[in-house]
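Residues per chain are reported as follows:
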Amino acid sequence: MKRIGIIGVGEIGRALVEGLRDPAGPTPEVFLSPRGAHTSAELSERYEGVHVCADNQQVADRSELVIVAVRRQDRHEALDGLRVDGSKVVVNVMAGVTNDDLRSMLATDTTRATRATRATRATDATLVRAIPLPSVRERRSVTVTYPSHPAVDTFFEQLGGALPVADEAAFDVFSALTGTLTTHYAYLATLTSWAAGHGVPAHDAERYVRGLFQAVGRALGDETRSLQQLSADHETPRGNNERIRTTWFDETNGATLSSALDDLLSDLRHPPDHRVHP
């Protein structure tokens, strides 16, 4: 698609724009909402073909594919009454917001008579859920989509890959997995703080931890080995890695993590308050 609209220009919106700027080939025109005004203005100044629209309606009107990336708790304020024609494709990247929920907030024109007599109903535009990650800016993000749609899957293929799933239940599981990202960063920060507490300069500790786990990230690119096999390949019997894995990340901690993910999954499927829950 040649005209992409983004409503809600936060971290994911910025990453999508940066990922779409491929110097090796043609890039689509991008229309940004005024939400996240500072980021939208910066991106339009940096990149040719990126435009800031007057409002969200203008984004929807000018785009073929409309990406809705507002925060869940802001969706009613941002989207109520937005008209989206049936010819559009809408990509819903709001965690915990179903397509049925989003469709109920989007309207379409029932007649092309006059604006005075025009009525609205729920849009019949195609809606697809997706989970793009910040790494789309480097075109390295595998983006989960539901339901599969050729235009949407092709769009995300150019940003690192698309992973269509069979149903919304599976989609919610993947959405819950994304909630572990900052825990990983906090784990690395804890390692750095521990080393600094034992007299290692904090800068040296962080540099080493970054290099250590960047190597782990490169190993993850080897899809010929399962995650269990990668773990085994990095561990020797009764060695240091086995000791930390079995004494710290034991069955109790594993069960605690699983329980936390179960709670998050339940919340994604059944938010206690659709209007205020983040």
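Since we're looking at a predicted model, the values are computed, not measured.

### A closer look at the overall build of the protein chain
For the protein chain, the helix and strand inventory stands at 12 helices and 10 strands. With respect to the three principal axes, the spread of C-alpha positions in the protein chain is 75 × 40 × 35 Å. Sequence separation of 24 or more characterises 57% of the internal contacts of the protein chain that already satisfy a separation of 6 or more. As presented, the protein chain carries roughly 16,100 Å² of accessible surface, and 53% of it is formed by carbon and sulfur atoms. Separation of charge centres in the protein chain, based on 30 positive and 37 negative side chains, amounts to 4 Å.

### Side note on unusual backbone geometry
Negative phi characterises most residues that are not glycine, and trans characterises most peptide bonds. With omega at -10°, the peptide bond leading from Tyr146 into Pro147 counts as cis. A positive phi angle is found at Arg238, which is not glycine, with a value near 60°. Mapped onto the fold, Arg238 is located in the loop between helix H10 (227–233) and helix H11 (240–247). Exposure remark for Arg238: the relative accessible area of 76% places this residue in the exposed category.

### A look at the packing of aromatic side chains
In the structure shown here, the tally under the stated rule is 4 aromatic pairs. Summarising the aromatic geometry, the rings of Phe155 and Phe156 are spaced 5.0 Å apart at their centres and angled 75° between planes, so their arrangement reads as edge-to-face. The pair Phe155 / Phe156 is uniform in exposure class, with both members buried. Ring geometry for Tyr187 and Trp248: centres 5.8 Å apart, planes at 15°, overall stacked.

Reading guide: rules and limits
- Residues numbered from 1 in each chain as written.
- Predicted model: local features only at pLDDT ≥ 70, side-chain atom pairs only at ≥ 80, totals over all residues.
- Heavy atoms only, no water.
- Helix = DSSP H or I, 4+ residues; strand = E, 2+ residues; numbered from the N terminus.
- Contact = heavy atoms within 4.5 Å.
- Areas by Shrake-Rupley, 256 points an atom, 1.4 Å probe, with all protein chains shown as cover.
- Lys, Arg positive; Asp, Glu negative; His and termini not counted.
- Charge placed at Lys NZ, Arg CZ, Asp CG, Glu CD.
- Buried < 20%, exposed > 50% of the residue type's maximum accessible area, 1.4 Å probe, protein only.
- Phe/Tyr/Trp six-rings, centres within 6.5 Å; stacked < 30°, edge-to-face > 60°.

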